[in-house]
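# Structural overview
For reference, the chains in residue letters:
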Amino acid sequence: MSHEAAGVPTTRNDEDRQDDVPQDNEGVPQDSDDVQPVQQGEAEPDAPGPAGPEDAGPRPEDRLARAVQVAEQALIEFEIAVETFRVEVENFSRLHHQKLGPMYARLDELDALIAEARAAKSGDPEDERKAREARAVVMPMPGVDELFHDWMDTDGLSPEAAAMLTEQPVRPPKRVRPSEEARRLYRELARKAHPDLAQDEVERQRRDEFIARVNAAYGRGDVELLKELVAEWEAGPVQPPAPLSESEELYARLEWLSRRKELLTVLAKELEDGAIGSMLRMAPDDPDQLLEDIAEQLLGEVSRREAELAEMTR
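Quick caveat, the model's predicted, so the values are computed rather than measured.

The next subject is the overall build of the protein. Within the protein one finds eleven helices and two strands. Of the regular secondary structure in the protein, the N- to C-terminal order runs α-α-α-α-β-β-α-α-α-α-α-α-α. Residue burial in the protein is summarised as follows: out of 314 residues, 29% are buried. Partitioning the intrachain contacts of the protein with sequence separation of at least 6 by distance along the chain shows that 70% fall at a separation of at least 24. When the accessible surface of the protein is totalled, it reaches about 21,200 Å², and 53% of it is carbon and sulfur.

So this is what it looks like as structure tokens:
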């Protein structure tokens, strides 16, 4: 690319400089006191040397390419953070349901029994109405989400449902937050194989499929499978360095990265503001212990209601 295309101002060439020098009919500079011929072997004092690469300033496309690279890495790190939190929210929700669901159900049943015992003693229509409402909470009409709980997700059948239908062992999460080793392996794979680093649609599809497997393994905290995926990626094809794009393509890339970040920001906000996300923010350092603390509180509530019911039915 010429200096003109790179935005570097042109310099006067030799013909332009000769316009100021008296010339004879042959176009050769005339000898005078002010213009001395250059002797063989001597260098003209002020003659500019040939322009080298170091004389050209940085190309605008180079600066833009670096900006794109920085934006790509920032977006990948942001996506890693959002996906990490999404896995924790999903695991917390599932474990919350598994561990605490029976306790919530027992509390609802005790509330209904207490309300029914109170209505039987008083005969008050208002107490009877409250008893009916409490019993309705215990036996609600199941909705679609409840009928298909843990069976369907955004991609169709959940991994647990697919495993059961294919007679494969179900591997539920063992804890809210995967181990440090799993987190390290996940981050390594996400940075290397992220689809946003693809240079064409075929490569993007390959990375999309691979990252989906990485996310599933990370969601289960499967360290061994993550190690296998690391080895698989390292043995795969190595992508050549991306050639320098034209400025229009680089600007379009920056715009796409910006839009992608906006979408991720919305997703992160929804996760943080949700019921489970809000609970996780109460104990960011040890969410698994939070479940144990909630379970202990619920057990205390169950004991108090059981004592109240026993007192009312004496």
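This next bit is on the environment of D273. Topologically, D273 is positioned in helix α9 (residues 247-273). Discounting chain neighbours no more than four positions away, the residues touching D273 are S278 and R281.

Attention now goes to the pattern of salt bridges. According to the stated counting rule, one finds 26 salt bridges in the structure shown. A salt bridge links E126 to R129, with the shortest nitrogen-to-oxygen separation between them at 2.4 Å. Of this pair, E126 and R129 both sit in helix α3 (residues 125-138), three residues apart, which is roughly one turn of the helix. Its relative accessible area of 35% is what places E126 among the partly exposed residues. Residue classification places R129 among the partly exposed positions, given a relative accessible area of 31%.

Another aspect to go through is the packing of helix α2 (residues 60-122) against helix α10 (residues 275-282). At a minimum axis distance of 9 Å, the contact between α2 and α10 shows a crossing angle of 100°. By the angle class used here, α2 and α10 are roughly perpendicular. Each of F85, E88, V89, F92, S93 and H96 in α2 lies in contact with α10, whose residues at this interface are I276, G277, M279 and L280. Per-class residue counts for the contact of α2 with α10 are six nonpolar, three polar and one charged.

This part covers the packing of α2 against helix α11 (residues 287-312). One way to put it is that α2 packs onto α11 with a least axis distance of 10 Å and a crossing angle of 15°. The angle between α2 and α11 falls in the class roughly parallel. The handedness of the crossing between α2 and α11 comes out as left-handed. Classifying every residue of the contact of α2 with α11 by side-chain character gives 20 nonpolar, one polar and ten charged.

Applying the stated criterion across every chain yields a total of two aromatic pairs. Centre to centre, the rings of Y186 and Y218 are 4.4 Å apart; their planes meet at 20°, and the pair counts as stacked. Here Y186 is found in helix α6 (residues 180-193), whereas its partner Y218 is found in helix α7 (residues 201-220), with 32 residues between them in sequence. Per residue, the accessibility class of Y186 equals that of Y218, and both read buried. Look at F210 and W233: their rings are 5.0 Å apart centre to centre, the planes differ by 40°, and that puts the pair in the tilted class. Linking F210 in helix α7 with W233 in helix α8 (residues 223-235), this pair joins segments that are 23 residues apart in sequence.

What counts and what doesn't
Residues numbered from 1 in each chain as written. Predicted model: local features only at pLDDT ≥ 70, side-chain atom pairs only at ≥ 80, totals over all residues. Heavy atoms only, no water. Helix = DSSP H or I, 4+ residues; strand = E, 2+ residues; numbered from the N terminus. Buried < 20%, exposed > 50% of the residue type's maximum accessible area, 1.4 Å probe, protein only. Contact = heavy atoms within 4.5 Å. Areas by Shrake-Rupley, 256 points an atom, 1.4 Å probe, with all protein chains shown as cover. Salt bridge = Lys/Arg side-chain N within 4 Å of Asp/Glu carboxyl O. Axes fitted to C-alpha atoms, helices over the stretch in contact; angles between N-to-C directions. Parallel < 35°, antiparallel > 145°, perpendicular 65-115°, else oblique. Nonpolar A, V, L, I, M, F, W, Y, C, P; charged D, E, K, R; others polar. Left-handed = near helix turned anticlockwise from the far one by under 90°. Phe/Tyr/Trp six-rings, centres within 6.5 Å; stacked < 30°, edge-to-face > 60°.

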